[in-house]
Amino acid sequence: MPVISALWETEMRRSLEARSSRPDWQHSETLSLQNAAQAPLMMAEREEDDDTEEAWMQLRPTEPLPSQCCGSGCSPCVFDLYHRDLARWEAARASKDRSLLRGPESQSCPSKLNPETFVAFCISAMDRLTKDTYRVRFALPGNSQLGLRPGQHLILRGIVDDLEIQRAYTPISPANAEGYFEVLIKCYQMGLMSRYVESWRVGDTAFWRGPFGDFFYKPNQESSSEQLPWSYQEKTHFGHLGQDLIKELVSCCRRKPFALVCGSAEFTKDIARCLLCAGLTEDSYFLF
């Protein structure tokens, strides 16, 4: 046994010395040939894994929660986007072609608004006008303009307690404002979006998508409510505003409303008087 062990140790020592004396490129060549031989097999196994039912189900779009719909009749709505992505997923799954999941690429600049995708905007200023009302300014790249027309709005996305919520807001900044846009937000004690907004600080980032609204305002023009989202048609009035109409509008609200009044100095003065007569207080409306 000692002789056999000695011979075995001698042979192993010679083998290791011979291996260590070989040039490095010979070792690399051997490993490269081994890897090259294994590569097609590994790629085939990876493709088979990607085409499994479990892999495709992981790529299936997730249906939005009711809280992710702002209820403003946006087009496209988050549910419209979900059904579009679901149709793309079903087509890609049937043909086993993942490139169909992406859809056509957008030609718009990533820094501009997009009705389908949320875009990040930095908060450059935040003013507390009343105990529960904030005017928030968001920076636009360079001297660019938001490009909204009167009657259009944006959708804000927020996350509170791991729950995604979305709400519609209309910018109050002038249409030709350069480098920024502003929104006026009233916060409520039990509001989820209110909690999110009250956590904002200058320098934070918020996500918006839009614009929405195909009902464009034109001065001195009466139109039809058929152009509005169905949820707005019943409570929308056309014509001249008067004391009786404003009282009717205020009484239709389920809770104390907050009114935004935009117009000439004489118009805003008259509407403010009507709102006070309808029971609203001075901190329940904003004139701009």
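Look up a bit, the structure's there.
Residues numbered from 1 in each chain as written. Predicted model: local features only at pLDDT ≥ 70, side-chain atom pairs only at ≥ 80, totals over all residues. Heavy atoms only, no water.

Undergrad: Help me understand the nonpolar core, please; the structure alone is not making it clear to me.
TA: Generally speaking, soluble globular proteins have nonpolar side chains that are buried together. Counting residues in each nonpolar core, the largest one holds 25 residues, and the members touching the most others are Phe121, Phe138, Leu156, Phe181, Trp200 and Trp208. When residues of this core are traced back to their parent elements, those giving at least two are β1 (119–130), β2 (133–139), β3 (153–160), β4 (163–169), β5 (180–186), α5 (192–198) and β6 (205–212). If you look at the next biggest cluster of nonpolar residues, it comprises 10 residues, including Val250, Cys274, Leu275 and Tyr285. (Core = buried A, V, L, I, M, F, W, Y, C linked by side-chain atoms within 4.5 Å. Buried < 20%, exposed > 50% of the residue type's maximum accessible area, 1.4 Å probe, protein only. Helix = DSSP H or I, 4+ residues; strand = E, 2+ residues; numbered from the N terminus.)

Undergrad: Teacher, can you tell me more about the pattern of salt bridges here?
TA: Pairs can form between side chains of opposite charge once their charged atoms are near each other. If you walk through the whole model with that rule in mind, you get 4 salt bridges. A salt bridge links Asp132 to Lys186; its shortest N-O distance comes to 2.9 Å. With Asp132 in the loop between β1 and β2 and Lys186 in strand β5, this residue pair connects regions lying 54 residues apart in the sequence. On the basis of relative accessibility, which here comes to 18%, the residue Asp132 falls in the buried class. Put simply, Arg137 and Glu182 hold a salt bridge, and the shortest N to O gap is 2.9 Å. With Arg137 in strand β2 and Glu182 in strand β5, the pair connects residues that are 45 residues apart, well separated along the chain. For Arg137, a relative accessible area of 28% gives the class partly exposed. The class of Glu182 is buried, set by a relative accessible area of 13%. (Salt bridge = Lys/Arg side-chain N within 4 Å of Asp/Glu carboxyl O.)

Undergrad: How should I be thinking about the environment of Leu275 in this particular structure?
TA: Tracing the chain through its elements places Leu275 in helix α8 (residues 265–277). For the pair Leu275 and Ala259, spaced 16 residues apart in sequence, the C-alpha to C-alpha distance is 8.5 Å. Filtering out sequence-adjacent residues up to four positions away, Leu275 remains in contact with Ile246, Ala259, Val261, Leu280 and Tyr285. (Contact = heavy atoms within 4.5 Å.)

Undergrad: Hey, could you run me through the packing of aromatic side chains in this one?
TA: Ring pairs (aromatic) are described by centroid distance and by the angle formed between their planes. A complete count under the given rule lists 7 aromatic pairs for this structure. When the ring of Phe138 is compared with that of Trp200, the centres are 5.7 Å apart and the planes differ by 90°; the resulting orientation is edge-to-face. Of this pair, Phe138 sits in strand β2 while Trp200 sits in the loop between α5 and β6, and the two are 62 residues apart along the sequence. Relative to Trp208, the ring of Phe181 lies with its centre 6.0 Å away and its plane at 80°, an arrangement referred to as edge-to-face. One end of the pair, Phe181, is in strand β5; the other, Trp208, is in strand β6, and 27 residues separate them in sequence. When its relative accessible area of 0% is taken as the criterion, Phe181 is described as buried. Joined through ring pairs, the aromatic side chains of Phe121, Phe138, Tyr169, Phe181, Tyr196, Trp200 and Trp208 make up one cluster. (Phe/Tyr/Trp six-rings, centres within 6.5 Å; stacked < 30°, edge-to-face > 60°.)

Honestly, it's all geometry; don't read function into it.
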